[in-house]
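The lines below spell out each chain.
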Amino acid sequence: MKKYFSLFLALALVLMMFAGCGGSPEPAAPAAPAETPADGSTAPAETPAPAGEKLKVANVVNGNLGDKSFFDSCEAGLSQLAADGIIEYKTFELGPTDADQPKWLSTLEELSADGSYDLIVCGTYQMPDYLTQVATNYPDQKYLIYDSAVDLPNVVCVNYKQNDMGYLVGTAAALATSSDLPNMNPEKVIGFVGGENGPVINDFLVGYIQGAQAADPDVKIDTQYVGNFYDTGAAKELANVMIGQNKCDIVWGVAGGAGNGAAEAANELKAWFIGVDSDQEATFSIAQPELAAVTLFSGLKNIGDSIIWVINEQLAGNTHYGETLNLGISEGGVSLATGGNFQTLPDDIKKAVEDATTKITSGEIVVDTAFGDNAADVEAIREGARP
């Protein structure tokens, strides 16, 4: 009996072994490459990201969303990349006040130490010192900073060709001053209130003058500098003289917060203001609708579009860490805000802006710059254009 039991047990064990082998799954077929959407918004087809792999991105906001400016633009770009299946991201809103600033540094430190993110994004002129400190301590972490610069091999810096923007603004302003829009006087004079007399502000200026005089060689440009980026009262006084004495009917404020003083002058003296960097008509509409009403349009730095461009470049195998990029019209880095009051411009002005955009993109128009070996003679350009 024991002999039969032993034979039965052995047979049972053999059958169990075959049953176990029969239950093993076949090797999985390789995943098909991720397809590139028809809109072309992701990486080129020849270098698709493997299925299921997404860049993990942290968006560090040294302020709050809802600013209708840089932070909202950055968020929109990241949101689009997420919708396209390219990234996963999380936004950290840290507040804009002096009391919030310790959080800016500590959050960068914590995110870097955690190591969960492929890329940490931040921006504005307030962040370079914090980012330099943190990125130096975490050389294997990758960072992107927009509208500022940090000279480290693990940071890509995204800046903007403000001279390209200036050309478009000048084109529209020069034609608008001779148009039938309300508050235009017979004189062909437009204004420019800059923050400081330095290369960055003068890069806006030389493009502005070039675009204006290409559109109408008879247009004159009255240029003044506040000397800083915060004194709205000084900017207002300069704009008062431009409008009241020098007959400017349009003033472009390129002076940070100080430039808002030029908008106040335009409102009080029945002239027009042009904003810079963000859609200031939209920004003013929140709490200062009277200033929104006199903001003809704004020159834009397209933060969101530029971040999409950089990440798509990375997916295509073109990384830019350790570089400072200057993105212009052709890369989507700068443009004009074409909603709101811009839509009141005559069609020929809108067409002129479109034509200038096309010609700059194609290289037919090369815009002057205040930077580099081929820098324009800013003083000669500025003084030669004065009324």
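Further up the page is the structure itself.
Residues numbered from 1 in each chain as written. Predicted model: local features only at pLDDT ≥ 70, side-chain atom pairs only at ≥ 80, totals over all residues. Heavy atoms only, no water.

Caption draft 1: Geometry of the overall build of the protein chain. Each helix and strand in the protein chain was counted, giving 13 helices and twelve strands. Looking at the protein chain as a whole, 47% of its 387 residues qualify as buried. On the protein chain, roughly 18300 Å² of surface is accessible, and the fraction owed to carbon and sulfur atoms is 53%. (Helix = DSSP H or I, 4+ residues; strand = E, 2+ residues; numbered from the N terminus. Buried < 20%, exposed > 50% of the residue type's maximum accessible area, 1.4 Å probe, protein only. Areas by Shrake-Rupley, 256 points an atom, 1.4 Å probe, with all protein chains shown as cover.)

Caption draft 2: Summary view of helix H7 (residues 232–244). With 13 residues, H7 should cover 18 Å at 1.5 Å per step; its first-to-last C-alpha distance of 18 Å lies within 8% of that length. Ala235, Ala239, Met242 and Ile243 are the residues of H7 that are buried. Taken down its axis, H7 places every buried residue within 90° of arc, on the same side. Summarising the contacts, the buried residues of H7 are in contact with strand E6 (189–194), strand E7 (220–225), strand E8 (250–254) and helix H8 (260–269). Between the side-chain oxygen at the start of H7 and the backbone nitrogen of Gly233 there is a gap of 3.2 Å, and the oxygen is on Asp231. (Expected span 1.5 Å × (residues − 1). Arc of directions from axis to C-beta. Contact = heavy atoms within 4.5 Å. Polar contact = N/O pair within 3.5 Å; in protein donor to acceptor, adjacent residues only side chain to side chain.)

Caption draft 3: How the structure looks around the environment of Lys68. By the element assignment, Lys68 lies in the loop between strand E1 (55–61) and helix H2 (70–83). For the pair formed by Lys68 and Thr283, sequence separation is 215 residues and the distance between their alpha carbons is 5.9 Å. If near-sequence neighbours (up to four positions away) are discounted, Lys68 is found in contact with Ser278, Asp279, Ala282, Thr283 and Ile286.

Caption draft 4: Geometry of the pattern of salt bridges. Scanning the model with the defined rule gives eleven salt bridges in all. For Lys236, the salt bridge identified is with Glu264, shortest N-O distance 4.0 Å. In this pair, Lys236 is assigned in helix H7 and Glu264 in helix H8, connecting sequence segments 28 residues apart. Taking the relative accessible area as the measure of exposure, Glu264 reaches 26% and is therefore partly exposed. Here the salt bridges do not stand alone but share partners, grouping Asp222, Arg382, Glu383 and Arg386 into one network. (Salt bridge = Lys/Arg side-chain N within 4 Å of Asp/Glu carboxyl O.)

Caption draft 5: Geometry of the sheet that holds E7. Across the sheet, which stays open at both edges, the six strands sit in the order E7-E6-E8-E9-E10-E12 with mixed pairing between neighbours. A single partner strand is all that each edge strand has here, and the edge strands are E7 and strand E12 (334–336). The mean angle between the axes of side-by-side strands here comes to 20°, regardless of whether they run parallel or antiparallel. (Pairing = 2+ DSSP bridges. Axes fitted to C-alpha atoms, helices over the stretch in contact; angles between N-to-C directions.)

Caption draft 6: Molecular detail of the packing of aromatic side chains. According to the stated counting rule, one finds eight aromatic pairs in the structure shown. With centroids separated by 5.8 Å and ring planes inclined at 75°, the aromatic side chains of Phe204 and Trp252 adopt a geometry described as edge-to-face. Of this pair, Phe204 sits in helix H6 (residues 199–215) while Trp252 sits in strand E8; the two residues are 48 residues apart in sequence, bridging distant segments of the chain. For the pair Phe204 and Trp252, one class covers both residues: buried. Centre to centre, the rings of Phe297 and Phe342 are 5.8 Å apart; their planes meet at 85°, and the pair counts as edge-to-face. (Phe/Tyr/Trp six-rings, centres within 6.5 Å; stacked < 30°, edge-to-face > 60°.)

Caption draft 7: How the structure looks around the side chain of Asn202. On the secondary structure map, Asn202 appears in helix H6. For Asn202, a relative accessible area of 5% translates into the label buried. Beyond its immediate sequence surroundings of up to four residues, Asn202 is in contact with Asn197, Tyr225, Ala370, Val378 and Arg382.

Caption draft 8: Just helix H11 (residues 303–315), in detail. Compared with an ideal rise of 1.5 Å per residue, which puts 13 residues at 18 Å, H11 spans 19 Å between its outermost C-alpha atoms and is within 8% of the ideal. What H11 keeps buried is the set Ile303, Gly304, Ser306, Ile307, Ile308, Val310, Ile311, Asn312 and Glu313. A positive backbone phi angle near 95° is found at Gly317, which sits one or two residues after H11.

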